[in-house]
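The lines below spell out each chain.
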Amino acid sequence: MRTLGNILWWFPCFGFINSILCFICGGILILTVVGAPLGYGVVQLGKFYLAPFTQAMVSEKSLKANVHHSEAWNTLSIVTFILYIPFGILVCAISILQMIGLCATIVLIPLAVPIAKSLSTFFNPIGKICVSSKVKDVMDTQEAQRIYNQYQGIEANK
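Basis of the calculations
Along every chain, residues carry numbers that run from 1 in the direction the sequence is written. Where totals are concerned, whole chains, interfaces and linings use all residues; where local detail is concerned, this predicted model gives features only for residues with pLDDT of at least 70, and gives and counts side-chain atom pairs only at 80 or more. Hydrogens and water molecules were not included; the side-chain quantities draw on all heavy atoms of the structure. Counting rule for disulfides: a pair of cysteine sulfur atoms within 2.5 Å. Think of it in three bands: residues with accessible area under 20% of the maximum for their type are buried, residues over 50% are exposed, and the middle band is partly exposed, with areas taken using a 1.4 Å probe on protein chains only. Comment: elements are numbered from the N terminus, with helices defined as DSSP H or I runs of at least four residues and strands as E runs of at least two. By definition, residues are in contact when any of their heavy atoms lie within 4.5 Å. Within 6.5 Å between ring centres, the rings of Phe, Tyr and Trp (the latter by its six-membered ring) count as paired, and their orientation is classed by plane angle as stacked under 30 degrees, edge-to-face over 60, tilted in between.

Draft legend 1. Structural view of the state of the cysteines. Across all of its chains, the model carries zero disulfides by this definition. No disulfide involves Cys92; its sulfur sits 12 Å from that of Cys22, the nearest cysteine. Accessibility expressed as a relative area gives 13% for Cys92, which makes it buried.

In structure tokens:
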């Protein structure tokens, strides 16, 4: 079913155009150096748009990746995010309009799902990476297990 979703995303709906635009915009932002943290996130979003039904966008922190950024990178990320906020709001609004347009056709409602999944990335692409949906499922299972263990600890204390 996910493969069918990716096929429909590519051919009748031209989802690859979103991917190409993200790669171009991300590449330009990376070249500006100041926009490098933002550009990296936009490139990851472009990667997500290549196969949105089999991939997911997650935060580097939630993935607990062994990625250690310097203080300069972290400071640049904060400054870039502050400068990006007005654009992020505008891009989110445009994406919501695109989702509404897809939902209005009823047949294309499933194609609004990738856009809905990427709204948080549109608002703040800094520190987001594209992973397989299977990795995201494992992350969700581990988070549920952690919450379950907390409840068990609370129950054991009573």
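Read on, since the account is not over.
Draft legend 2. Layout of the environment of Ile115. Following the sequence through the fold, Ile115 ends up in helix H6 (residues 109-117). Ile115 sits 16 residues away from Met99 along the chain, and the two C-alpha atoms are 6.7 Å apart. If near-sequence neighbours (up to four positions away) are discounted, Ile115 is found in contact with Trp9, Tyr49, Ser95, Gln98, Met99 and Leu102.

Draft legend 3. Here's a closer look at the packing of aromatic side chains. Tallying each qualifying case throughout the model produces six aromatic pairs. A centroid spacing of 5.5 Å and a plane angle of 20° characterise the contact between Trp9 and Tyr49, whose relative ring orientation is stacked. Of this pair, Trp9 sits in helix H1 (residues 2-10) while Tyr49 sits in helix H3 (residues 36-50), and the two are 40 residues apart along the sequence. Residue classification places Trp9 among the buried positions, given a relative accessible area of 3%. For the pair Tyr49 and Phe122, a centre-to-centre distance of 6.3 Å together with 45° between the ring planes defines the contact as tilted. A residue pair is termed long-range when its members are at least 10 positions apart, and Tyr49 in helix H3 and Phe122 in helix H7 (residues 119-123) qualify at 73 residues. Taken individually, Tyr49 and Phe122 each receive the classification buried, so the pair is uniform in this respect. Joined through ring pairs, the aromatic side chains of Trp9, Phe48, Tyr49 and Phe122 make up one cluster.

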